[in-house]
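Coordinates in review
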Amino acid sequence: MEVKTSLLDNMIGVGDMVLLEPLNEDSFIENLRNRFDHSEIYTYIGSVVISMNPYRSLPIYTPDKVEDYRNRNFYELSPHIYALADEAYRSLRDQDKDQCILITGESGAGKTEASKLVMSYVAAVCGKGQEVNKVKEQLLQSNPVLEAFGNAKTVRNDNSSRFGKYMDIEFDFKGDPLGGVISNYLLEKSRVVKQPRGERNFHVFYQLLSGASDDTLKKLKLDRDFSKYNYLSLDSAAVNGLDDAANFRTVRNAMQIVGFMEDEVQSVLELVAAVLKLGNIEFKPESRCNGTDESRVKDKNDLKEMCELLGIEQSVLERAFSYRTVEAKLEKVSTTLNVSQAYYARDALAKNLYSRLFSWLVTRINESIKAQAKTRHKVMGVLDIYGFEIFEDNSFEQFIINYCNEKLQQIFIELTLREEQEEYIREDIEWTNIEYFNNAVICDLIENNQNGILAMLDEECLRPGTVTDETFLDKLNTICAEHQHFESRRSKNSKFLTDHSLPHNCFRIQHYAGKVLYRAEGFVDKNNDLLYRDLSQAMYKANHGLIKQLFPEGNPAKVNLKRPPTAGFQFKASVGTLMRNLQTKNPNYIRCIKPNDKKASHIFTESLVRHQVRYLGLMENVRVRRAGYAFRQAYEPCLERYKMLCKRTWPHWRGPAREGVEVLMADLQVSGEEFSYGRSKIFIRNPRTLFFLEERRRQCLEDLATLIQKIYRGWKCRSHFLLLKKSQVVVAAWYRRYAQQKKYQKIKSATTVVQSYTRGWQARKLLRELKYQKRCKEAATTIAAYWHGTQARRELRRLKEEARRKHAVAVIWAYWQGLKVRREYRKFFRANAGKKIYDFTIQRIMQKYFLGLKSNLPSMSPIDKNWPSRSYLFLDGVHTELRRIFHLWRCKKYRSKFTEEKKAVYEEKLEASELFKDKKALYPSSVSQPFKGDYLEISKNPKYQKLNSAVEEKVLMADVVNKINRANGKGTARIFLLTKKSVVLADQKTGQVKASVPLPDLTSVSVSTQSDGFFALRLKEGSASAIKGDFLLSSEHLIEIITKIHHIGSTTAEREQLNIDISDEFLVQFKQDKVCVKFIQGVAKNGNSASCKRKNNRLLEVSVPSTA
């Protein structure tokens, strides 16, 4: 991305909304859309930064980008959050002004990411050093810890902050960080016990279950399965792009860096596990003898494990869930809690336990990151808090959040106007009053100590008698009826009596951002935020060190009968402290906007953005900035930018910058009403004047560019000519040198040729003489060699003839001796020669046969029917027997590889073949399907946990079958369970056992010959199971079910063999009547399944679709 030299250069839209012309809401939105479409997500309103969430990574946060914005003027580069962070940091470091950065916007707008970017920029530009780096790392690593315990996935944001956070970062005089202090506001603790659809509980619960080791989970008595915990929503437990296991490791590492001890981390995880266990505690009603209802813990296992984690006596906590003790002066009254009150107490304990743990984490982090030095510190505050919220159903939480935003809007307007006024006074510019909407009247409606809504809510919560949300609303209608920003159907104001958009149990407040409808239901309970004293005392009795710190009011020695302050009172006090803190600092604002609700990039929803622009008050902010002078700039950069517009200031102005600007404006004949001269800046009233200057500057730059091009082209042509002239001289010199060298080389080459020819002739003459002498010597040698050879050959022939004669004599003698021997032994040889030749021949044939068989053996697959052919007919029997032996041997080898389970499956498949092969048309389609048995995974599925516990034996077959009704032939879904002792039929939805038939009571099973899944279980007459008659069922796994039933009967010695009746017409006993079930070929109607229809009282007809 190109770095721009000025905010006004190469603008996409308008970088500063103050300069927008014309100024209206439509042009404001269109400017945001234009910049967003070009990946420009930051826009200014004066010194306020508007940040659009891009929902994707952009290459604008690199270390190079940090260096670009470091020590730069705010308007010097294109709008960026780094510019605001740098301006705040330099003001703090150089001018010794405490700063605060206020980040607001609704959930999903990018507030948390903006605060991280501010902190990372400050960490990057401040000083270095071992101690400084440690402090910076601790400040940055506090974010993952707080996000794990305070952030959650919502429908608008996968990492939504569910609490307000204000961090004061403390710096020394050099601008190096020393430490920090974190304040948290209004943790949404109701999320611990209940989450809206499509949202999750706080991240830490899912991170712990996903990322902790098995040993850690065992110590915490937890299971990885989210579905086992009532406080965790299951419909959105997994979030795309969110790795809970990796984030858990990040949080553990961050806690270590921040300074948590290992035992502290373990204590925190134990409390998180305790909250999960607490949600699984359920209660059942129980009536006492006096007629009152009380509650009892239904299953004490989770209560026991929670008490073991926290070191609490189980009986103490169990009693605290069943009884409530009310103390008044010297009296104590103990009352029982019904089931709904017990659940309220459980949820109140879970919410208080988690919120106090979160507050303890913030305090513990503050202890680690606080500045150690006692000297005065410079402070930069970063506020990341909820934006204004307008939902379909707004309750107490939205009321408190919107009250805080009203206060922030009030201080924003006040500080903005004060900053404008101070700059005008500092620059000696006449100050003009600015008309704006003052929302102090709305703040007074909410926070007035006598007639404010919070005061009346506290008064209603503290008064004796029956207190309900209706009585609170009645009080509001009585006192606030005449207020111009309060609306209610029950008020005395007649104009709202017929307003049907205003329900009777609601009231409406006209905030600065628009009207918000609040439902009064739950205001009183949420403001009370009551935790029974018995539960506080039970928590204090724990042998867990951290629990005692979280519940100090449970100490019996420090019993305080005063009612604890309400949630509204505490938040009002916190907001007041925050406002006083912010008023002591120089404010910097980041307004975050989300472009769409789909969390998708490149989508800009105009209605959603318009809604946020309104409730953030951005248009009013622009109008306040433009009420006086829309643009101001120091004299030096102003003169540097526009000096080319005047001949007297171009190219260099030798005098003071202000005088140069005055000469410039006078030369341009700009009206004196359009600008004013301050001490160090020029103030321009209307954006049109600025755009006039920019247009003149653009035209002048084009003229200057033309002049520069002309001068450059002339210089380039002259330089080219001089270069050509110089090159011609060099080329001529080199050419003359080259020509002389070529002439010399030619003469030298001719001389060499003549010399070589002469030397060649002399050499050839000498060679001819030497060759003649050599030929003479070779001729003499050859004649001598031929003569010696002739002599040697003659002697060799003589010696060979002599040796041949001696060998002939020896051969004749040997033949004669052989003849004599053969004549002597001829009679013996003729008697045994035939048998020996025959045996030898047969042996050779058999050897050849076996060797050929060895090299041509078929594969080891039992289904391979190949076998080598025999060569001789007399080997036919041996050939066949060897084939049979080999087949048996490889089958044995194949069977030896089977496991016991596989053997059992094949035995069942073999038994199915014996029962149904060529007898039932459904059998061939079942051959390729493995017998699975438990198709419902009944032992693993929590839905069938109750049914699984009701069956004592091991389940061999679990499937869903249809039980045929005799009255109409329709089927009812039933769960079919088969054990070694019985057949069980149960309801599919509830898991309730409908029938249990012992296998000895089963006499036979009847099926048809066709491809249907109907079968009848025939029961023994007179048995207890046969009272209601036989069972006619239908299943997709008929072959497997009947095979397993038959297999159990065949493997049990004391039982009779089960008879399998295969016929297209058989009788079924229904109570006292026998009904004939008849199977016919039909046309497919409902898919390809068979359909059963009642013909009369004695006949059920099953239509089976033809398979042809």
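In the block above lies the structure referred to throughout.
Below or above, wherever it landed, is the structure these notes cover. (Residues numbered from 1 in each chain as written. Predicted model: local features only at pLDDT ≥ 70, side-chain atom pairs only at ≥ 80, totals over all residues. Heavy atoms only, no water.)

A look at helix H22 (residues 618-626)
- Of all nine residues in H22, seven are buried; the element is thus mostly enclosed.
- Within H22 the residues assigned to the buried category are Leu 618, Met 619, Asn 621, Val 622, Val 624, Arg 625 and Arg 626. (Buried < 20%, exposed > 50% of the residue type's maximum accessible area, 1.4 Å probe, protein only. Helix = DSSP H or I, 4+ residues; strand = E, 2+ residues; numbered from the N terminus.)

Digging into helix H1 (residues 25-37)
- Between its first and last C-alpha, H1 extends 18 Å over 13 residues, near the 18 Å set by a 1.5 Å rise per residue.
- Looking only at H1, the buried set comprises Glu 25, Ser 27, Phe 28, Ile 29, Asn 31, Leu 32, Arg 35 and Phe 36.
- Buried residues along H1 sit in contact with strand E1 (42-45), strand E2 (48-52), strand E16 (586-593), helix H21 (606-615) and H22.
- Taking the backbone nitrogen of Asp 26 as reference, a side-chain oxygen 3.2 Å away marks Asn 24 as the first, capping residue of H1. (Expected span 1.5 Å × (residues − 1). Contact = heavy atoms within 4.5 Å. Polar contact = N/O pair within 3.5 Å; in protein donor to acceptor, adjacent residues only side chain to side chain.)

Quick word on the sheet that holds strand E14 (residues 506-511)
- Ordered in space as E13-E14-E15, the three strands form an open sheet in which the pairing is antiparallel. Both edges of this open sheet fall to strand E13 (486-488) and strand E15 (514-519), since each of them pairs with a single strand only. Between one strand and the next, the sheet's axes are offset by a mean angle of 25°, whatever the strand orientation.
- Where E14 lies against E15, six bridges are found, and the strand directions are antiparallel. Residue pairing in the sheet places Gln 510 in a bridge with Lys 515 of E15. (Pairing = 2+ DSSP bridges. Axes fitted to C-alpha atoms, helices over the stretch in contact; angles between N-to-C directions.)

Focus on the packing of aromatic side chains
- The final tally for this structure, using the stated rule, is 26 aromatic pairs.
- Seen in terms of ring centroids, Phe 1014 and Phe 1079 are 6.3 Å apart; in terms of plane orientation they differ by 70°. Their pairing is edge-to-face. Of this pair, Phe 1014 sits in strand E25 (residues 1014-1019) while Phe 1079 sits in strand E29 (residues 1073-1082); the two residues are 65 residues apart in sequence, bridging distant segments of the chain.
- On the basis of relative accessible area, Phe 1014 is assigned to the buried category, the value being 4%.
- A relative accessible area of 5% means that Phe 1079 is categorised as buried.
- Ring pairing ties together the aromatic residues Phe 396, Phe 399, Phe 472, Phe 486, Phe 507, Tyr 518 and Phe 523, which thus form one cluster.
- Note that Arg 200 overlies the ring of Tyr 206, its terminal NZ or CZ placed 4.1 Å from the centroid.
- The ring of Tyr 323 carries Arg 319 above its face, with NZ or CZ at 4.4 Å from the centroid. (Phe/Tyr/Trp six-rings, centres within 6.5 Å; stacked < 30°, edge-to-face > 60°. Lys NZ or Arg CZ within 6 Å of the ring centre and 35° of its normal.)

A short note on the nonpolar core
- Counting 207 residues, the largest nonpolar core has Phe 28, Phe 149, Phe 205, Leu 317 and Leu 582 as the members making the most contacts within it.
- Sorting elements by how many residues they give to this core places helix H12 (residues 339-369) first, with 14 residues.
- For Phe 28, the residues in contact, after removing those within four places along its chain, are Met 17, Leu 20, Ile 45, Ile 50, Val 613, Leu 618, Met 619 and Val 622.
- Core analysis: the second largest hydrophobic core is formed by 32 residues, Phe 916, Leu 999, Leu 1002 and Val 1005 among them. (Core = buried A, V, L, I, M, F, W, Y, C linked by side-chain atoms within 4.5 Å.)

Quick look at the side chain of Lys 475
- You can see Lys 475 is positioned in helix H16 (residues 469-479).
- Setting aside residues up to four positions removed in sequence, Lys 475 forms contacts with Met 456, Glu 459 and Glu 460.

Some details on the pattern of salt bridges
- Counting across every chain of the model gives 52 salt bridges.
- Notably, a salt bridge pairs Glu 305 with Lys 277, separated by 2.5 Å at the nearest N-O pair. Residue Glu 305 is found in helix H10 (residues 300-310), and its partner Lys 277 is found in helix H9 (residues 262-279); the two are separated by 28 residues along the sequence. Both residues of the pair, Glu 305 and Lys 277, belong to the buried class.
- Between Glu 487 and Arg 508 there is a salt bridge, and its shortest N-O distance comes to 2.7 Å. Taken together, the positions of Glu 487 in strand E13 and Arg 508 in strand E14 put the pair 21 residues apart, joining distant regions of the chain.
- Connected through salt bridges with shared partners, the residues Glu 25, Asp 26, Glu 30, Arg 33, Glu 606, Arg 610 and Arg 614 form a single ionic network. (Salt bridge = Lys/Arg side-chain N within 4 Å of Asp/Glu carboxyl O.)

Section: unusual backbone geometry
- With an omega of 0°, the peptide bond between Glu 21 and Pro 22 qualifies as cis.
- Within the fold, Pro 22 resides in the segment before H1.
- The phi angle at His 602 is positive, at roughly 65°, despite the residue not being glycine.
- Here His 602 lies in the loop between E16 and H21.

Some words on the sheet that holds strand E30 (residues 1091-1096)
- A sheet is described by the order of its strands in space; here four strands give the open sequence E28-E29-E31-E30, paired in mixed fashion. With partners counted over all chains shown, the strands left at the sheet margins are strand E28 (1065-1070) and E30, one partner each. Sheet twist, expressed as the average angle between the axes of neighbouring strands with direction ignored, equals 30°.
- For E29 and strand E31 (residues 1099-1105), the ladder comprises seven bridges, and the chain directions are parallel. Of the residues in E31, the one forming a bridge with Ile 1080 is Ser 1103.

Digging into the packing of helix H4 (residues 111-125) against helix H5 (residues 130-150)
- Remark: H4 packs on H5, axes separated minimally by 10 Å, with the N-to-C direction vectors making an angle of 165°. In this view, H4 runs roughly antiparallel relative to H5, as classed from their interaxial angle. Note on packing geometry: the crossing formed by H4 with H5 is left-handed. Two secondary-structure elements touch here, H4 through Thr 112, Lys 116, Met 119, Ser 120 and Ala 123 and H5 through Lys 136, Leu 139, Leu 140, Asn 143 and Glu 147. (Parallel < 35°, antiparallel > 145°, perpendicular 65-115°, else oblique. Left-handed = near helix turned anticlockwise from the far one by under 90°.)

Some words on the side chain of Asn 143
- Here Asn 143 lies in helix H5.
- Contact partners of Asn 143, with chain neighbours within four places excluded, come to Lys 116, Met 119 and Lys 165.

Quick notes on a positive patch on the surface
- Together, Lys 892, Lys 893, Arg 895, Lys 897 and Lys 903 make up a region of like positive charge exposed at the surface.
- Per-element accounting of the positive patch gives the leading share, three residues, to helix H26 (residues 876-896).
- Positionally, Lys 893 belongs in helix H26. (Patch = residues over 30% accessible without salt bridge, like charges linked within 9 Å, V, L, I, M, F, W, Y side chains within 5 Å. Areas by Shrake-Rupley, 256 points an atom, 1.4 Å probe, with all protein chains shown as cover. Lys, Arg positive; Asp, Glu negative; His and termini not counted. Charge placed at Lys NZ, Arg CZ, Asp CG, Glu CD.)

Focus on the pairing of strand E24 (residues 1002-1007)
- Among the six residues of E24, five are classified as buried, and the element is accordingly described as predominantly covered.
- Bridge count between E24 and E25: five bridges; the pairing is antiparallel. For Leu 1002, the partnering residue across the bridge sits in E25 and is Leu 1019.
- Adjacent in sequence and paired antiparallel, E24 and E25 are bridged by six residues.
- As judged from the four bridges shared by E24 and strand E27 (residues 1059-1062), these two strands associate in the parallel manner. Note on E27: the bridge partner recorded for Val 1005 is Ile 1060.

Note that every value here comes from positions in space, so none of it alone points to a role or purpose.
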